[in-house]
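Close look at the chain arrangement
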Amino acid sequence: MHGCRKRNIVINVRCINIRKFKQCTVKKHFINKSFAQSSFSGTTNSSPMSFNHLVKQIKKKNNDLKFIVVGLDNSGKTTIINSLLRISATSSPTFGYTIYRNVYKGANLTLLDIGGQEALRKYWSNFYEDTDGVIFVFDLFDARDFAGEFNKIRETLAGYPVLMYGNKMDIDWERGRKIVGRVGREVCDGEVKCCGVSGKMGVGLEEGMDWLVSVAKLNLAKEIL
Ligand SMILES: Nc1nc2c(ncn2[C@@H]2O[C@H](COP(=O)(O)OP(=O)(O)OP(=O)(O)O)[C@@H](O)[C@H]2O)c(=O)[nH]1
Ligand SMILES: [Mg+2]
């Protein structure tokens, strides 16, 4: 392996058949650290601007959007995606990442569900290339501080829309609403929207997703002018 230490990170690629919500393949791979650091760089040294521009034009033409889904472990990312895409599956911790492809209200969505465990967080940035927005999930009743991870993403992906899902409202709707309001006042602006949701019950998810899709589409249209 040319001196590369193999890391036990499983990449779980779950490809959803776009129109029928039907799972077509599930593949598990192992990656090593150097792969994680060198992949997804997609640009060329000779003409990065024109290449990126071309990619964006194609994405716009095909109505393609890619969002990364991040947040601390156990916050409910996988549960939320399953609910949004109407996939029936029992959730278990994501060791690596899962790719979902599906149509959402006319947009061809790629969602990258990245495991939130501490050991995986340093790899999140390897998935930022070509993203059109971020879905950041936090557990409203988890005492752990997610602000550090959130701020890092805001710095690195400044200018991209961020949808924050405050999840698990069903545990205590009243308290949940207060926490969402407080977080919203702290972080929300034209680029960040915060919604209280229950991934488990499928409540409140669409409003935020509609906002993210519309802002991301608008940004893509502006970028290729
Ligand atoms: N009460 C409640 N529990 C939820 C909700 N959403 C998810 N959970 C539970 O929270 C736990 C973690 O959910 P996951 O979707 O696996 O969390 P995750 O963010 O994908 O976790 P990692 O893959 O480890 O990063 C599971 O036991 C879910 O059933 C919710 O809206 N309400
Ligand atoms: Mg998960």
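Residues numbered from 1 in each chain as written. Chains lettered and ligands numbered in written order. Predicted model: local features only at pLDDT ≥ 70, side-chain atom pairs only at ≥ 80, totals over all residues.

**What to know about the overall build of the chain**
A count of helical and extended segments in the chain gives seven helices and eight strands. Counting every position in the chain, which comprises 225 residues, the buried fraction comes to 28%. Restricting the contact set of the chain to residue pairs at least 6 apart, pairs at least 24 apart contribute 72%. (Helix = DSSP H or I, 4+ residues; strand = E, 2+ residues; numbered from the N terminus. Buried ≥ 20, exposed ≤ 12 C-beta atoms within 10 Å, placed from the backbone. Contact = placed C-beta atoms within 7 Å.)

**Some details on the confidence of the model for the chain**
Looking at the chain as a whole, the pLDDT averages 82, with 78% of positions reaching at least 70. Between residues 1-45, whose pLDDT stays under 50, and residues either more than four places distant or in other chains, the model counts 74 contacts. (pLDDT = per-residue confidence, 0-100.)

**Side note on the environment of Ala89**
Along the chain, the position of Ala89 falls in the loop between helix 3 (77-84) and strand 4 (96-104). Residue classification places Ala89 among the exposed positions, given that 11 C-beta atoms sit within 10 Å.

**Brief notes about the site of ligand 1**
Contacts to ligand 1 come from 22 residues, most closely from Gly76, Thr79, Thr94, Gly116 and Lys200. When residues in the shell around ligand 1 are grouped by element, the largest group, three residues, is from helix 3. Of the residues assigned to the shell around ligand 1, the class counts are three nonpolar, 14 polar and five charged. (Near = placed C-beta within 6 Å. Nonpolar A, V, L, I, M, F, W, Y, C, P; charged D, E, K, R; others polar.)

**Some thoughts on the UniProt feature "binding site: Mg(2+)" (unreviewed entry) in the chain**
Listed under "binding site: Mg(2+)" (unreviewed entry) in the UniProt record, and renumbered for this structure, are Thr78 and Thr94. A maximum C-alpha distance of 7.8 Å places the annotated residues, which cover 17 residues in sequence, within one compact spot. Its location among the elements puts Thr78 in helix 3. A tally of 23 C-beta atoms within 10 Å means that Thr78 is categorised as buried. Setting aside its immediate chain neighbours within four residues, Thr78 contacts Ser91, Thr94 and Asp113. The topology assignment puts Thr94 in the loop between helix 3 and strand 4. Those residues in contact with Thr94, other than ones at most four positions away along the chain, are Thr78, Asp113 and Gly115. (UniProt positions renumbered as here; feature names shortened; annotations may be inferred.)

**Here's the deal with the pairing of strand 6 (residues 133-139)**
Most of strand 6 is tucked away, with six of its seven residues classed as buried. Inspection of the sheet shows strand 3 (residues 64-70) paired to strand 6 by four bridges, in the parallel sense. Paired with Val69 across the strands is Ile135, a residue of strand 6. Sheet topology places strand 6 next to strand 7 (residues 162-167); six bridges connect them, and they run parallel. Bridge pairing links Val137 to Tyr165 in strand 7. In this view, the connection linking strand 6 to its parallel neighbour strand 7 by way of helix 5 (residues 147-156) has right-handed handedness. (Pairing = 2+ DSSP bridges. Right-handed = clockwise from strand over helix to strand, strands pointing away.)

**Here's the deal with unusual backbone geometry**
One non-glycine residue, Asn74, adopts positive backbone phi at about 75 degrees. The phi angle at Lys105 is positive, at roughly 45 degrees, despite the residue not being glycine. For Lys105, the position within the fold is in the loop between strand 4 and strand 5 (107-114).

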